[in-house]
Amino acid sequence: VPFAAPAVVFVTITGRTDDLQTGSFAVWHFTGRSVELVWSADLLQQSSYQAAPDGFRITYCSETDERNPRQCRRMTRDRFLWDAGAWKRVEQTPVPVPKR
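Residues numbered from 1 in each chain as written. Predicted model: local features only at pLDDT ≥ 70, side-chain atom pairs only at ≥ 80, totals over all residues. Heavy atoms only, no water.

A. Examining the packing of aromatic side chains more closely. Within this structure, the stated rule accounts for 6 aromatic pairs. Ring centres of F25 and Y49 lie 6.2 Å apart, and the angle between their planes is 75 degrees; on these two criteria the pair is classed as edge-to-face. With F25 in strand β2 (residues 23-30) and Y49 in strand β4 (residues 48-52), this residue pair connects regions lying 24 residues apart in the sequence. For F25, a relative accessible area of 2% corresponds to the buried category. Exposure remark for Y49: the relative accessible area of 48% places this residue in the partly exposed category. Judged by centre distance (6.4 Å) and plane angle (50 degrees), the rings of F56 and W87 are tilted. Here W87 lies in strand β7 (residues 86-95) and F56 lies in strand β5 (residues 55-64), a separation of 31 residues in the sequence. Each of the two residues, F56 as well as W87, counts as buried. Members of the aromatic cluster, each reached through a chain of ring pairs, are F25, W39, Y49, F56, F80 and W87. (Phe/Tyr/Trp six-rings, centres within 6.5 Å; stacked < 30°, edge-to-face > 60°. Helix = DSSP H or I, 4+ residues; strand = E, 2+ residues; numbered from the N terminus. Buried < 20%, exposed > 50% of the residue type's maximum accessible area, 1.4 Å probe, protein only.)

This is how it looks when you write it as structure tokens:
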């Protein structure tokens, strides 16, 4: 039985630490010969992230107030993982909006 090497997947994160806490996320897969971009997110306001054994989580403002774009109306947490050769969102959960 041939041995299948584990996939090498990594995330790059850029962002700001000001009051908007915008973040941009990109997921890359190392094929053994090259690096391929497999997923990316635009700038996400009020974002944070967590890597855990059961996946990668991004929490972000999914709806801003139209009159005040700095005010978040709805927060969401997405959980992603590498499964069967693809980056997949496996869970999306609403979370409380932090008080400012």
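Structure's up, so let's keep going.
B. Spotlight on the nonpolar core. Grouped together as the largest cluster of nonpolar side chains are 9 residues: F25, V27, A41, L44, F56, I58, Y60, F80 and W87. Going through the elements one at a time, β2, β3 (35-44) and β5 are the ones with two or more residues in this core. Take this core: its biggest share by element is 3 residues, from β5. Ignoring anything within four residues of it in the chain, the contact list for I58 reads F25, W39, L44, S48, Y49, T76, R77, D78 and F80. (Core = buried A, V, L, I, M, F, W, Y, C linked by side-chain atoms within 4.5 Å. Contact = heavy atoms within 4.5 Å.)

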